Every structure is written in structure tokens, then in C-alpha cells.
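# Descriptive analysis of the structure
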Amino acid sequence: RSVTVDTPGYGMSDPPNKQPSIKDYADILVDVFDYLKLDKVLIAGHHTGAAIAASFASDYPNRVTAIIMHGVPQLTAEESSGHPSLHPKPRTPLADGSHLSHSFQGRTPPDSAQILEARTWMTLTSFISGPNLAHWAVFHYDMLPDLEAIKAPGLILSDANDSLHPIDLRVAEMRPDFEYVEFSQGSIFAFMTEPKRWAKIAAEYK
């Protein structure tokens, strides 16, 4: 079976009472897996989720059979410090709805209907959620020590037009023992349009 966990402060989960670190998010999974009576897991994550997965696999190696990271935010200090996510736009709703239209940036060539739907939900949930705690955490996380410490077999998935694609290639060079698969020629939203294929890759891995 697959278990999807809401990152605290997102989805239907309650917000934490302080700014968590990526390690804090990873540590929470111990309680989740204990509650579900899961001794060992194949842990998988996309973007920020990949950072949480790396931290968990590093700190709790006896509970991980394998790791899948899709879009790996192994950021240098320079890459982290200049990222626009550290300077979020105001989330105050405006009467004319322009707070949504300004957040929903058009693409050329135009996105498919499935990608448009995914981007629409992403835009809406960014206003439903509270402060962007998880992005703050990932841009203050030095993944390299955890990445080097992971003992479990690993798979890196990447999308050719994702901003993290060059970093995925860099991580694949750092960990030549990990498998590397280009999931799509698309962007960050590609996996949202093909959840069955994504799940099949995870189910068949190791």
C-alpha cells in the first residue's frame, strides 16, 4: 500500500507552533509509521518531500528499504540564498481576484488541460495554507551530509523542464550507485498528471 502524509501545516493537517526544520519534518514520520505499525518503508518524496525523505533515510537507516527522490533540492548556500521562495508575495485576497491571477503565471507553449488543473490547485492551496513553512525549511537545509550518509538503494526521478533538473543530474553524479530515470520532458507538475505511472515506478522499484 501507499501512504501519503500531509506535511504539517499543509493539506488537512494542523500548523506547527514553530518553524520546523527538515529534520523536524523527518522526525515526525517516526510517530506516523509507529502509529501505522510500519517497521520499514520505501520512502519517496517530490521536491521538499525529497529533502524530508533524505533526512529520514539518513537518520533512520534501519527503517528504510529504499528511497525515491523526484526533484532533489540539494542546494548550495548560493542557490538557497537567492531563491524567490525566501521572499514570498503577500497572500492577502483582493476583491477583483488578481491575487490569484498574478500567482498563476501563463506558460508558452500553453500547458495541457491536466497541467492547468494541477497549477490551478497549486495556486488555490497556496492561499488556503498558512505561512510557507516547508519551503523555508528546505532552503535552510544542507542536504549534502544526509545525501552522503544514505545507505539504502536510491532512485532519482527528474523532469527535463523542472528548475531542479540540473541539480538532479549533479546528485546522480554524486551518488552513481543510485538509479536515475528521466520521468518526463515536462515541469514540476508532470507527476501530478500521471499518478498511476509514478505509483507503478515506486511499486516496482526494489
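Here goes a summary of the coordinates provided. This is a predicted model, so every value here is computed, not measured.

Parameters and conventions
- Residues numbered from 1 in each chain as written.
- Predicted model: local features only at pLDDT ≥ 70, side-chain atom pairs only at ≥ 80, totals over all residues.
- Heavy atoms only, no water.
- Helix = DSSP H or I, 4+ residues; strand = E, 2+ residues; numbered from the N terminus.
- Rg over C-alpha atoms; globule rule 2.2 N^0.38 Å.
- Buried < 20%, exposed > 50% of the residue type's maximum accessible area, 1.4 Å probe, protein only.
- Contact = heavy atoms within 4.5 Å.
- Areas by Shrake-Rupley, 256 points an atom, 1.4 Å probe, with all protein chains shown as cover.
- Lys, Arg positive; Asp, Glu negative; His and termini not counted.
- Charge placed at Lys NZ, Arg CZ, Asp CG, Glu CD.
- Phe/Tyr/Trp six-rings, centres within 6.5 Å; stacked < 30°, edge-to-face > 60°.
- Lys NZ or Arg CZ within 6 Å of the ring centre and 35° of its normal.
- Core = buried A, V, L, I, M, F, W, Y, C linked by side-chain atoms within 4.5 Å.
- Pairing = 2+ DSSP bridges.
- Right-handed = clockwise from strand over helix to strand, strands pointing away.
- Axes fitted to C-alpha atoms, helices over the stretch in contact; angles between N-to-C directions.
- Salt bridge = Lys/Arg side-chain N within 4 Å of Asp/Glu carboxyl O.
- Patch = residues over 30% accessible without salt bridge, like charges linked within 9 Å, V, L, I, M, F, W, Y side chains within 5 Å.

### Re the overall build of the protein
Helix and strand counts for the protein stand at 10 helices and four strands. Expected size for 206 residues packed as a compact globule is a radius of gyration near 17 Å; at 17 Å, the protein falls within 12% of this value. C-alpha extents for the protein along the principal axes are approximately 55 × 40 × 35 Å. A burial count over the protein gives 39% of its 206 residues as buried. Considering only intrachain contacts with a sequence separation of at least 6, the fraction spanning at least 24 residues in the protein is 72%. Just so you have it, the protein exposes about 11,800 Å², and 58% of that area is on carbon and sulfur atoms. Each charge class in the protein was averaged separately, 17 positive and 25 negative side chains, and the resulting centres sit 4 Å apart.

### Overview of the packing of aromatic side chains
Taken as a whole and judged by the stated rule, the model has two aromatic pairs. Between Phe 33 and Phe 56 the ring centres are 5.4 Å apart and the planes differ by 85°, which places this aromatic pair in the edge-to-face class. Here Phe 33 is found in helix α1 (residues 22-35), whereas its partner Phe 56 is found in helix α2 (residues 48-59), with 23 residues between them in sequence. A single burial state applies to Phe 33 and to Phe 56, both of which are buried. Following the ring pairs from residue to residue traces out a cluster consisting of Phe 33, Phe 56 and Tyr 60. When the ring centre of Phe 183 is taken as reference, the NZ or CZ atom of Arg 197 above it lies at 3.9 Å.

### Some words on the nonpolar core
In this structure, Ile 22, Tyr 25, Ile 43, Phe 56 and Met 69 are the most contacted members of the largest nonpolar core, which totals 38 residues. Breaking this core down by element, the ones donating at least two residues are α1, β1 (41-46), α2, β2 (64-70), α6 (133-138) and α8 (165-174). The contacts of Phe 56, once residues within four sequence positions are left out, are Ala 26, Leu 29, Val 30, Phe 33, Ile 43, Arg 63 and Val 64. Membership of the second largest hydrophobic core comes to eight residues, among which are Ala 66, Leu 157, Trp 198 and Tyr 205.

### Examining the pairing of β1
Direction of pairing for β1 relative to β2: parallel, over a ladder of six bridges. Bridge assignment links Val 41 to a residue of β2, and that residue is Val 64. Once the chain exits β1 it traverses α2 before rejoining the sheet at β2, and the crossover so formed is right-handed.

### Here's the deal with the sheet that holds β2
The parallel open sheet is built from four strands, whose spatial order is β1-β2-β3-β4. The sheet terminates laterally at β1 and β4 (179-184), the two strands that pair on one side only. The average undirected angle you get between the axes of adjacent strands in this sheet is 20°. Judged from the five bridges that link them, strand β3 (residues 154-159) and β4 form a sheet pairing that is parallel. Looking at β4, one finds that Ile 156 is bridged to Tyr 180. Each of β3 and β4 is contacted by α8, which is oriented at about 155° to β3, the strand it contacts most.

### Re the environment of Ser 158
Along the chain, Ser 158 falls in strand β3. In this structure the C-alpha to C-alpha distance between Ser 158 and Tyr 35, which are 123 residues apart in sequence, comes to 32 Å. Those residues within four positions of Ser 158 in sequence are excluded, and the remaining contacts are His 70, His 165, Asp 168, Tyr 180, Val 181, Glu 182, Phe 183 and Ser 184.

### So, the pattern of salt bridges
Within this structure, the stated rule accounts for eight salt bridges. Its salt-bridge partner being Asp 177, residue Arg 175 comes within 2.6 Å of it at the nearest N-O pair. Taken together, the shared-partner salt bridges connect Lys 23, Asp 27 and Asp 59 into one network.

### Description of a nonpolar patch on the surface
Residues Trp 121, Leu 124 and Ile 128 make up a contiguous nonpolar surface patch of roughly 340 Å² in combined accessible area. Locating Leu 124 in the fold gives a position in helix α5 (residues 113-128). Accessibility expressed as a relative area gives 30% for Leu 124, which makes it partly exposed.

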